[in-house]
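The chain contents come next:
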Amino acid sequence: MAIPLSNILLSFAKPQAAIFRFQTQYPIGFLGQQSVSEVKDEDQESEEEENEFTDTEQPSKRRSLADVWREVHGQDDWVGLLDPMYPLLRSELIRYGEMAQACYDAFDFDPFSKYCGSCRFTRRKFFQSLEMSDHGYEVSRYLYATANLNLEKFFKKSRWPKMWSNKANWIGYVAVSDHETSRRLGRRDITIAWRGTVTQLEWISDLMDFLMPVSSNKIPCPDPNVKVEYGFLDLYTDKDETCRFCKYSAREQILTEVKRLLGTYSNEEVSITVTGHSLGSALAILSAYDIAETGLNVMPDGRVVPVTVFSFSGPRVGNVRFKERVELLGLKMAEGFPWSYSHLGVELALDHKNSPFLKQTNDPVCAHNLEALLHLLDGYHGKGHRFVLTSGRDPALVNKASDFLKDHYLVPPFWRQDENKGMIRNNDGRWMQPERPKLDHDHPDDMHLHLMQIGLASAD
């Protein structure tokens, strides 16, 4: 039985397992439309920008997400939904992009912190701490990977001699929609969000030395010619049994959690959505493929749970045979490439020149900024259509970790940081780093049982 997957690529990207791969074009404009800043002076531009927050869609013509979520998640290959952009599709892409962005906002990058490499918040207060409670999800599990791999731009370690872990890094989370949100969505949604890298993609080429059969790492693919990049596969499957955080691989953590959650919500309509940016995009594609290849999303009564990937600015993951295998499993794609690595999904390319808020820069770091991609998506209505912001997302978010907004908005670059860089005063009046609650390692007591059920462990 073919397992339905869907795939939109947002690099600036399509979802059922779907991959949205959104791709910005720097410096050439993909949409063939002049930037507002190229045809108006700044005074005219500012007046125009005051009107950039009005959506052109008529609310009376909109259906609820609960009515159309399968179409939004790629049931019909997004035919008629991308140009012009269907408002519910846009809002869903932004929402899942924000869940991927949360991985950056929650990660402790600071080498002067004894908790560098961990999540800054406890699992139960994750979305609340990020002021994202309105998303209506609860984190069910944190994801960890072994930092033994030599990936300095992805894995971070503290300079403190005594740190929370010298072998693990936090790399994402699994979350589930709450009851109210599930009613609005039309199903219970299980979301897997992968952390990526805020720098450009060039260094990820270090992970792309050679292709390796996915079956060599016990992913049950019947075709040995289906291959993916060794670095991505190693990061996904590696573990260190001496570490309490990564004694199970990221793969084992995800598959057992998905198995558990599907059992918990077996009487409901359920979807699985995987999202990630940059390196997290590659891991999102790989893990979604794994869920489908193992048949984990096939319920005991024969129902097939749709798996959707919203992938932002990711690298190529595998060879042509990998692409073909994903298609055989039901993953829809728009194009292939004639060389050894193949992109998956439908691309939606967004041109930064179409936003009157952004500088005309060729800085690759700006091009790789997820907040900038979400800003461009917010204003995108289709090829040749005027850029109009729709959701009320603050353009200042673009400058959280970049210098991309035009200077006259008076938003400082790289403005996001903890108050006093996380330092507090103790009872003696001395400044110090606060202790954190016990870190979540999230390996449940019945982990081995779930591993046995999906064939990843023996009864011994």
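Structure: see above.
Scoring rules and cut-offs
Residues numbered from 1 in each chain as written. Predicted model: local features only at pLDDT ≥ 70, side-chain atom pairs only at ≥ 80, totals over all residues. Heavy atoms only, no water. Helix = DSSP H or I, 4+ residues; strand = E, 2+ residues; numbered from the N terminus. Buried < 20%, exposed > 50% of the residue type's maximum accessible area, 1.4 Å probe, protein only. Salt bridge = Lys/Arg side-chain N within 4 Å of Asp/Glu carboxyl O. 1 Å grid on protein atoms, 1.4 Å probe; cavity = no way out; pocket = protein on both sides within 12 Å on 5 of 7 lines; lining within 4 Å. Points joined across faces, edges and corners; volume = space filled by probe spheres on them. Core = buried A, V, L, I, M, F, W, Y, C linked by side-chain atoms within 4.5 Å. Contact = heavy atoms within 4.5 Å. Phe/Tyr/Trp six-rings, centres within 6.5 Å; stacked < 30°, edge-to-face > 60°. Axes fitted to C-alpha atoms, helices over the stretch in contact; angles between N-to-C directions. Parallel < 35°, antiparallel > 145°, perpendicular 65-115°, else oblique. Nonpolar A, V, L, I, M, F, W, Y, C, P; charged D, E, K, R; others polar.

Q: Provide a residue-level description of the overall build of the chain, including the pertinent values.
A: Helix and strand counts for the chain come out as 13 helices and 12 strands. Buried positions account for 57% of the 460 residues belonging to the chain.

Q: Go over the pattern of salt bridges, please, and point to the residues and values.
A: By the definition in use, this model includes 23 salt bridges. Ionic pairing is found between K400 and D105, a salt bridge with its closest N-O pair at 2.8 Å. Taken as a pair, K400 in the loop between α12 (370–379) and β11 (424–425) and D105 in helix α4 (residues 87–106) lie far apart in primary sequence, 295 residues in all. Like K400, the residue D105 is buried in the burial classification. When the shortest N-O distance is used, the salt bridge between D189 and R187 registers 3.9 Å. On the basis of relative accessible area, D189 is assigned to the buried category, the value being 0%. Within the structure, one salt-bridge network assembled from shared partners comprises E98, D105, E371, R393, K400 and R416.

Q: Report on empty space enclosed by the protein, specifying residues and quantitative values.
A: Each pocket or cavity is described by its volume, and for the largest cavity that value is around 90 Å³. In terms of lining residues, the largest cavity is bounded by 13 residues, among which C119, F121, T122, L439 and D440 are the most central.

Q: Can you lay out the layout of surface pockets for me, pointing to particular residues and giving the numbers?
A: Approximately 1,100 Å³ is the volume found for the largest pocket. Looking at the largest pocket, it is lined by 35 residues, and the ones nearest its centre are F107, F109, R120, R416 and D418. Secondary-structure elements contributing two or more residues to the lining of the largest pocket are α4 and α12. Here the lining of the largest pocket gets 3 residues from one element, more than from any other, and that element is α4.

Q: Give a detailed account of the nonpolar core, specifying residues and quantitative values.
A: Ranked by internal contacts, the top residues of the largest apolar core, which has 62 residues, are M85, L89, F126, F127, Y142, W170 and Y173. Of all the elements in the fold, those that place two or more residues in this core are α3 (65–72), α4, α5 (126–129), β3 (137–146), β4 (168–177), β9 (307–312), β10 (346–350) and α12. The element best represented in this core is α4, accounting for 11 residues. Contacts of W170, omitting those with residues within four sequence positions, involve C103, A106, F107, G117, S118, C119, F126, Y142, L143, Y144, W164 and R195. With 55 residues, the next largest nonpolar core counts I254, V270, Y289 and V307 among its residues.

Q: Can you tell me about the packing of aromatic side chains, naming the residues and giving the values?
A: Scanning all chains against the criterion turns up 17 aromatic pairs. Measuring from centroid to centroid gives 5.7 Å for F127 and Y173, while their planes differ by 85 degrees, and the two rings are edge-to-face. Placement of F127 in helix α5 and of Y173 in strand β4 is noted, with a sequence separation of 46 residues between them. Pair check on accessibility: F127 and Y173 agree, each one buried.

Q: If you had to explain unusual backbone geometry to someone new, which residues and values would you point to?
A: Of all residues except glycine, most have a negative phi; of all peptide bonds, most are trans. The residue after D83, namely P84, is reached through a cis peptide bond having omega 5 degrees. Note on placement: P84 falls in the loop between α3 and α4. Backbone geometry at S278 places phi at a positive 65 degrees, although glycine is not the residue there. Assignment of secondary structure puts S278 in the loop between β8 (270–277) and α9 (279–293). The phi dihedral of S313 is positive, around 50 degrees, even though this residue is not glycine. Mapped onto the fold, S313 is located in the loop between β9 and α10 (320–328). On the basis of relative accessibility, which here comes to 7%, the residue S313 falls in the buried class.

Q: Outline the packing of α3 against α4, listing residues and values.
A: It is at 10 Å that the axes of α3 and α4 come closest, and there the two elements cross at 75 degrees. Taken together, the axes of α3 and α4 lie roughly perpendicular to each other. Between α3 and α4, the residues in contact are L65, V68 and V72 and L88, L89 and E92, respectively. Among the residues forming the contact of α3 with α4, the class breakdown is 5 nonpolar, no polar and 1 charged.

What is shown is where atoms sit, not what they do.
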